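Working through the structure, step by step
Listed below are the residues making up each chain.
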Amino acid sequence: MTGKADLHIHTTCSDGRLTPVEAVSLAAGTGLKAVSITDHDTYEGFRLAESTAKELGIELIPGMEITAVFEQKECHILAYYFDPELDFMQYFVLKQRNERRKRIKIIIGILKENGIDLTYEEVRAVSNGANIGRPHVAKVLIEKGYAASIRDAFMRYLSTEKLGQVDAAYPEAEEAIRLIKKAGGAAVIAHPGRFYTLSQVDKLVAYGADGIECVHPSHKWEYQLKYTEYCDSNALLKTGGSDYHGGLTGARSQVGVVTTAYKNVVKMKRMTDQRKKLSTLK
Ligand code: AMP
Ligand code: MN
Ligand code: MN
Ligand code: MN
């Protein structure tokens, strides 16, 4: 059970720079044993890269980074090993796609009120069929000379501090966790170090979260240690990954550098297999 896995990668299906095939090829080239494409609110990348992963001998795990709401703020829940064919999962991603569009239209409206000249059509064109997000708005702001980089665009215009809370009908975290589990998957709290206190993590675990992303480029060593210990003493799954965006949204980590042990993937697979078996027995 040796080997490593990168369980957090973005592609052109959301705000990453590489296509799913390119991302999986890159991961295979670094010698990783398993990889998961976890685009924002879509798992389209899984199907697009499935055959490449088989050819290259790397395990591709169904994944997605769900945008949800926790204590009135947006949060991210990672989903793994869910059944991508289920109707309600397909319906869910369609709904999220729509909510993301509506939210970007509201954001563009706020920017316009502040004298910034940009249109939804321009942002849609840049997104090139991807699940739209603020990094696509940032790209247009750069093209039009309003910002020097994506990071700069976030600092000047797109951060929550600048925009205020933009309400979108994203699910509550509790609801997202329930949905993932109903689809036979594992629900994992994404990069908690950046966002939560330990008591907030307790709350998400009480909602039914199965694990924590202990290893993430934003996590200082102490966070990694704290969450690893938390998982071990609460019988939770441990995951980790690079949150690779291909340089599109600022320096994070390269694929194959920030990883989790493959044995954690095996545990997650075993747990979700069991979950799927139990749900067919019902
Ligand atoms: P959205 O999906 O519209 O909520 O946009 C969030 C995405 O923007 C995140 O997943 C990151 O990829 C990116 N992002 C968030 N904050 C920053 C930042 N300060 N600098 C660069 N990229 C960012
Ligand atoms: Mn992103
Ligand atoms: Mn995230
Ligand atoms: Mn991410």
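Residues numbered from 1 in each chain as written. Chains lettered and ligands numbered in written order. Predicted model: local features only at pLDDT ≥ 70, side-chain atom pairs only at ≥ 80, totals over all residues. Heavy atoms only, no water.

This part covers the site of ligand 1. Around ligand 1 lies a shell of 14 residues, among which His 40, Arg 100, Arg 103, Arg 134 and His 245 are the nearest. For ligand 1, an oxygen atom lies 2.8 Å from a polar atom in the side chain of His 40. In the environment of ligand 1, an oxygen atom lies 2.8 Å from a nitrogen or oxygen atom belonging to the side chain of Arg 103. Broken down by secondary-structure element, the contributors of at least two residues to the shell around ligand 1 are helix H3 (87-113), helix H5 (134-143) and helix H6 (150-158). Top element by residues in the shell around ligand 1 is H6. It accounts for 3 residues. Here the shell around ligand 1 is built from residues that sort into 3 nonpolar, 4 polar and 7 charged. (Near = heavy atom within 4 Å. Polar contact = N/O pair within 3.5 Å; in protein donor to acceptor, adjacent residues only side chain to side chain. Helix = DSSP H or I, 4+ residues; strand = E, 2+ residues; numbered from the N terminus. Nonpolar A, V, L, I, M, F, W, Y, C, P; charged D, E, K, R; others polar.)

What follows deals with the coordination of the manganese ion (ligand 3). Surrounding the manganese ion (ligand 3) are the protein donor atoms Glu 65 (OE), His 76 (ND1) and His 191 (NE2), which sit 2.1 to 2.2 Å from the metal. Classification of Glu 65 by relative accessible area gives buried; the value is 1%. (Donors = N, O, S within 2.8 Å, 3.2 Å for Na, K, Ca; no water. Buried < 20%, exposed > 50% of the residue type's maximum accessible area, 1.4 Å probe, protein only.)

In this model H3 runs 40 Å from its N-terminal to its C-terminal C-alpha over 27 residues, within 8% of the 39 Å that 1.5 Å per residue would give. Every buried residue of H3 is listed here: Met 89, Phe 92, Val 93, Gln 96, Glu 99, Arg 100, Arg 103, Ile 104, Ile 107, Ile 108 and Leu 111. A positive phi of about 85 degrees marks Gly 115, the residue just after H3. (Expected span 1.5 Å × (residues − 1).)

All right, on to the sheet that holds strand S3 (residues 59-61) then. Pairing is mixed across the open sheet formed by 4 strands, whose spatial order is S3-S2-S1-S9. Edge strands, defined here as strands with exactly one partner in the open sheet, are S3 and strand S9 (260-261). Bridge analysis of strand S1 (residues 4-9) against S9 gives 2 bridges, and the strand direction is antiparallel. If you follow Ala 5 over to S9, its bridge partner there is Thr 260. Sheet contacts for helix H1 (residues 20-29): S1, strand S2 (34-37) and S3; angle to S2, the most-contacted strand, approximately 155 degrees. Along the sheet face, helix H2 (residues 44-56) touches S2 and S3 and points at about 170 degrees away from the line of S3. (Pairing = 2+ DSSP bridges. Contact = heavy atoms within 4.5 Å. Axes fitted to C-alpha atoms, helices over the stretch in contact; angles between N-to-C directions.)

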